[in-house]
Amino acid sequence: MQLEPVTLTGSLVRLEPLALHHVPALMAAAAEDRSSYRYTGVPNDVASMRSYVDTATALWDKGQALAFATVDARQNGGLYRSDDGGEHWRMVGTDARVTSREDDFAEVKVDPKNPDIVYTSASGFGQTGPYRKRAGVNLIVEAFSGALSVTGSPDDMPMRTGVQAADIFGAMFSTYATLCGLIGKLRGKGGRTADVSLVEASISAAAWETAFYLATGEVPVRCGHQHRLNTPYQLFETVDKHYLAIGTPNDELFRRFMKTVGLEASIADPRFATYVLRKQNEAPLLEIVTPAVRKKGAADLEALLMQAGVPCSRVNNIKEVFDDPHVQARKVLEEVAHPTMGSVKSVRNPVLYDEGSPSIRRAAPLLAEHTAEILRELGYDEARITALAASGAVMLAK
């Protein structure tokens, strides 16, 4: 998996594309100069960047990949390769020199003049170990890490997750690794190098499953829509053919749920008296709960359960998510002007501070849009910029 190194004002980050929109936005929100944090993507060559954009989505609008325009709507971006046309990458604005090895990973040699560089490398299997050269993308990471083995119905083929879970877990761990490194830098402890494996991020995310195996030695199996430890805690079909997620993780919520669906008489059943007993007697419990839920409409039952304080939600499609009044009240969607696509909608950063929250202040950069601008800020004159572009060391916007 080819990953792109990125510079963040003296901090070098080598991340999956999904991680890129978190680190710059959070850093910009925390900085006094909110315009000072930007990133520059550095693939091995221009073709690899174009390949990433081409394969990221089949949806295009006015020559721009929609996924890139909406997911990466953040800071300025410039595209660099090397400053000498050779096999090295010189990170503009830093004194770091990144050397490609034959396995497409990178070694970082930090010049003593700048010991504060924070370098985060995110890869499928990590930078050490026998699989350090092994290719790894989201599906393969989910398969290797065991995540797929516990996803889906017990009698069916394991089911891949509907979202890019392994990529997102890796991006999140990479984000906090970078931010922790920057905190250390600000405290005068110098830069750090972080090695983040997407496989290990997925293993860490499987909290219940790994704890169960390590405590008992038993291999967790797929549970379908049911919970490994708790019941009722699953999806139910309603009379209008919708699906409702209902969770009762303690005795009080179980009692409220049973009253809401008209099963008060079964609350006193000794088989269902405790959390543990309910799981041991899951089959007879679901034999009475499932028909009771199926008699009601999803929206009506959701409203009743919410009123009773029982955790629940209809299974929303993506349109229903963005149409929901709570999502709209929280202003999850933002619009930003794009130079070729007009107004582009994008999901805001999920972090909200009491003030100075991360915001989308400009559209995702066009390919190499800000290369010349950033080089000028770093003191390069027009002749030097032109020479770098002519040598293939940098790419300038057309």
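Quick note: structure is the one above.
To keep things clear, this report deals only with the structure shown in the data block. (Residues numbered from 1 in each chain as written. Predicted model: local features only at pLDDT ≥ 70, side-chain atom pairs only at ≥ 80, totals over all residues. Heavy atoms only, no water.)

## Some points on the overall build of the protein chain
- Scanning the protein chain for helices and strands turns up 16 helices and 16 strands.
- Residues classed as buried in the protein chain amount to 41% of the 398 residues present.
- Taking the intrachain contacts of the protein chain between residues at least 6 apart in sequence as the baseline, contacts between residues at least 24 apart amount to 65%.
- Carbon together with sulfur atoms contributes 56% to the accessible area of the protein chain, which is approximately 20,900 Å² in total. (Helix = DSSP H or I, 4+ residues; strand = E, 2+ residues; numbered from the N terminus. Buried < 20%, exposed > 50% of the residue type's maximum accessible area, 1.4 Å probe, protein only. Contact = heavy atoms within 4.5 Å. Areas by Shrake-Rupley, 256 points an atom, 1.4 Å probe, with all protein chains shown as cover.)

## Topic: the side chain of Asn-281
- Its location among the elements puts Asn-281 in the loop between α10 (275–280) and α11 (282–294).
- Sequence-distant contacts of Asn-281, that is, excluding residues within four places in its chain, are made with Arg-271 and Phe-272.

## Structural notes on the sheet that holds strand β13 (residues 312–314)
- As summarised here, the arrangement of the three strands in space is β11-β12-β13, forming an open sheet in which the pairing is antiparallel. Each having just a single partner strand, β11 (233–237) and β13 make up the two edges of the open sheet. The mean inter-strand angle of the sheet, taken between neighbouring strand axes irrespective of direction, is 20°.
- Note: β11 against strand β12 (residues 243–247), five bridges, orientation antiparallel. Opposite Tyr-233, over in β12, you have Gly-247 as the bridge partner. (Pairing = 2+ DSSP bridges. Axes fitted to C-alpha atoms, helices over the stretch in contact; angles between N-to-C directions.)

## Quick look at the pattern of salt bridges
- Throughout the structure, instances matching the rule amount to 10 salt bridges.
- With a closest N to O distance of 3.0 Å, Lys-279 and Glu-282 form a salt bridge.
- Ionic pairing is found between Asp-323 and Lys-319, a salt bridge with its closest N-O pair at 2.5 Å. Placement of the pair is Asp-323 and Lys-319 together in helix α13 (residues 318–323), with a separation of four residues, close to one helical turn.
- Exposure remark for Lys-319: the relative accessible area of 59% places this residue in the exposed category.
- Within this structure, Glu-252, Arg-255 and Arg-256 form a network of salt bridges that share partners. (Salt bridge = Lys/Arg side-chain N within 4 Å of Asp/Glu carboxyl O.)

## A word on the packing of aromatic side chains
- Tallied over the entire structure, the rule returns four aromatic pairs.
- Measuring from centroid to centroid gives 5.8 Å for Tyr-131 and Phe-144, while their planes differ by 85°, and the two rings are edge-to-face. With Tyr-131 in the loop between β9 (119–123) and α5 (138–144) and Phe-144 in helix α5, this pair connects stretches of sequence that are 13 residues apart.
- What makes Phe-144 partly exposed here is its relative accessible area of 39%.
- Residues Phe-173 and Tyr-176 carry aromatic rings whose centres are separated by 5.4 Å and whose planes lie at 50° to one another, so their mutual orientation is tilted. Taken together, the positions of Phe-173 and Tyr-176, both in helix α6 (residues 165–186) and three residues apart, correspond to about one turn of that helix.
- Assessed through its relative accessible area of 46%, Tyr-176 is described here as partly exposed.
- What links up through ring pairs into an aromatic cluster is the set Phe-125, Tyr-131 and Phe-144.
- It is Arg-134 that lies over the ring of Tyr-131; its NZ or CZ is 4.8 Å from the centre.
- Cation over ring: Arg-278 sits above Phe-254, and NZ or CZ is 4.3 Å from the ring centre. (Phe/Tyr/Trp six-rings, centres within 6.5 Å; stacked < 30°, edge-to-face > 60°. Lys NZ or Arg CZ within 6 Å of the ring centre and 35° of its normal.)

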